Amino acid sequence: MTGSPLLDHLTRRAAQAPDAPLFTFPAEDARAAISAARTVELIGMFAEALQREGVGVGDRVVAQVPTSPESVLLCLATQWTGAVFVPLNPALGTDETALLVDDADPTVTLLGADALATLVDVAHGYAVAATGVDPAGPVHRDADDPAAIIYTSGTTGRPKGAIVTHGNLASNAETLAVTWGFTPDDVTVHALPTFHAHGLFVAVNTALVAGSSLHFLGRFDPDRVIDALAGPGTVLMGVPTFYTRLLASERFTRRLADGVRLFISGSAPLTEKVFHEFEARTGQRILERYGMSETEMIASNPLHGTRVAGTVGFALPGVDVRIRLDDDPDRP
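An account of the accompanying structure is given in this report. (Residues numbered from 1 in each chain as written. Predicted model: local features only at pLDDT ≥ 70, side-chain atom pairs only at ≥ 80, totals over all residues. Heavy atoms only, no water.)

**Let's talk about the overall build of the protein chain**
Along the backbone of the protein chain there are 11 helices and 16 strands. On C-alpha atoms alone, the protein chain measures out to a radius of gyration of 20 Å, which is about the 20 Å that the 2.2 N^0.38 rule sets for 332 residues. The dimensions of the protein chain, computed from C-alpha atoms along their principal axes, are 55 × 55 × 40 Å. When each of the 332 residues of the protein chain is scored for burial, the buried share is 52%. Summarising the internal contacts of the protein chain: among those between residues at least 6 apart in sequence, 68% fall at separations of at least 24. With the model as given, the accessible surface of the protein chain reaches about 14,900 Å², and the carbon-plus-sulfur share is 53%. Charge centroids of the protein chain, computed over 24 positive and 39 negative side chains, lie 6 Å from each other. (Helix = DSSP H or I, 4+ residues; strand = E, 2+ residues; numbered from the N terminus. Rg over C-alpha atoms; globule rule 2.2 N^0.38 Å. Buried < 20%, exposed > 50% of the residue type's maximum accessible area, 1.4 Å probe, protein only. Contact = heavy atoms within 4.5 Å. Areas by Shrake-Rupley, 256 points an atom, 1.4 Å probe, with all protein chains shown as cover. Lys, Arg positive; Asp, Glu negative; His and termini not counted. Charge placed at Lys NZ, Arg CZ, Asp CG, Glu CD.)

**Things to note about the packing of helix 1 (residues 5-16) against helix 3 (residues 69-81)**
Direction vectors running N to C along helix 1 and helix 3 enclose 110°, while the axes themselves pass 10 Å from each other. By the angle class used here, helix 1 and helix 3 are roughly perpendicular. In terms of crossing hand, the pair formed by helix 1 and helix 3 is left-handed. Residues Leu6, Leu7, Leu10 and Thr11 of helix 1 form the contact with helix 3, whose participating residues are Leu76, Gln79 and Trp80. (Axes fitted to C-alpha atoms, helices over the stretch in contact; angles between N-to-C directions. Parallel < 35°, antiparallel > 145°, perpendicular 65-115°, else oblique. Left-handed = near helix turned anticlockwise from the far one by under 90°.)

**Quick look at the pattern of salt bridges**
Counted by the stated rule, this structure contains 11 salt bridges. We note a salt bridge from glutamate 48 to arginine 52, for which the minimum N-O separation is 2.4 Å. Linking glutamate 48 with arginine 52, this pair stays in helix 2 (residues 36-52), spanning four residues, or about one helical turn. When its relative accessible area of 9% is taken as the criterion, glutamate 48 is described as buried. Look at arginine 52 and you get exposed, because its relative accessible area is 53%. Between aspartate 145 and arginine 141 there is a salt bridge, with its nearest N and O atoms 3.6 Å apart. With relative accessibility at 12%, the residue arginine 141 sits in the buried group. One salt-bridge network, in which partners are shared between bridges, spans Asp223, Asp227 and Arg251. (Salt bridge = Lys/Arg side-chain N within 4 Å of Asp/Glu carboxyl O.)

**Notes on the sheet that holds strand 13 (residues 262-265)**
Reading across the sheet, the nine strands line up as 2-1-11-10-12-13-14-15-16 and stay open at both edges, with mixed pairing between neighbours. The open sheet is flanked by strand 2 (34-35) and strand 16 (314-315), the only strands paired with a single partner. (Pairing = 2+ DSSP bridges.)

**What to know about the packing of helix 6 (residues 166-179) against helix 7 (residues 197-210)**
Remark: helix 6 packs on helix 7, axes separated minimally by 8 Å, with the N-to-C direction vectors making an angle of 70°. With respect to helix 7, the axis of helix 6 lies roughly perpendicular. Contacts between helix 6 and helix 7 pair Leu169, Ala173, Glu174, Leu176 and Ala177 from the former with Phe201, Val202, Asn205, Thr206, Val209 and Ala210 from the latter. Per-class residue counts for the contact of helix 6 with helix 7 are eight nonpolar, two polar and one charged. (Nonpolar A, V, L, I, M, F, W, Y, C, P; charged D, E, K, R; others polar.)

In structure tokens form, the structure reads like this:
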């Protein structure tokens, strides 16, 4: 093992299929595809830049930056250094951001696009600012070591930082890749925010361990998503509002959906109405699953078999689920 369990997947992929694309972009986007080998190179350069700012093992790196491939590379680069990545929602107000930054006690704080641009040469898209030295290899981390802190929504008070380990990220991605039948031929249409575990970990890491690619849109727009599904996309990993807005478009037809092998929904409950309307339009049933920031994915409807509207399926392999009645808080 050369780094974290997840980074091991990436470095092996870069060695075995260096030219295989990890990130691709729409035709109107001037950015070139980013290969597996180039991804590793860029992550190493990001990591070296972080280390020059004093980031070391166990330190926190706070990033409140726009959704972009660079934000994903920054997350992986933080893991590369052995530090802990702390993404924050760019929509947070100044006061709430300050509270979370104070709680995280970071060594480096990147707030906004301008801060991220200090690590990236934006004129060339993905050329990291020259350092004059070759980046060192990833720092070894064990499965139980922290990889990230995700702040929960704070529905019972102030947001709380949930620690996610390297082992949790890797094992969850490995399980999902098998459970959802991912192969190197898959192309996940990525239109999710990367400050959230869904877009940052579930979508990215599942593709990473499966050796498949991400068609990166940066944000959800029905027409851009439809274009992607009509082209390279084989999987859409979304939230319920994605499907509501797709159904509102006359361009979203059964013929278009026939080229997509899997539609996944999470992060919020999918209504039975949308589930059935989607099936009537496309002939396919959305695969709903359930997870939490603290644990990543816990349960999923089956890839093969009956997917039931209004349910999140069964516990994933390696996961135990227990239902405790609300009226008996002392039940063990």
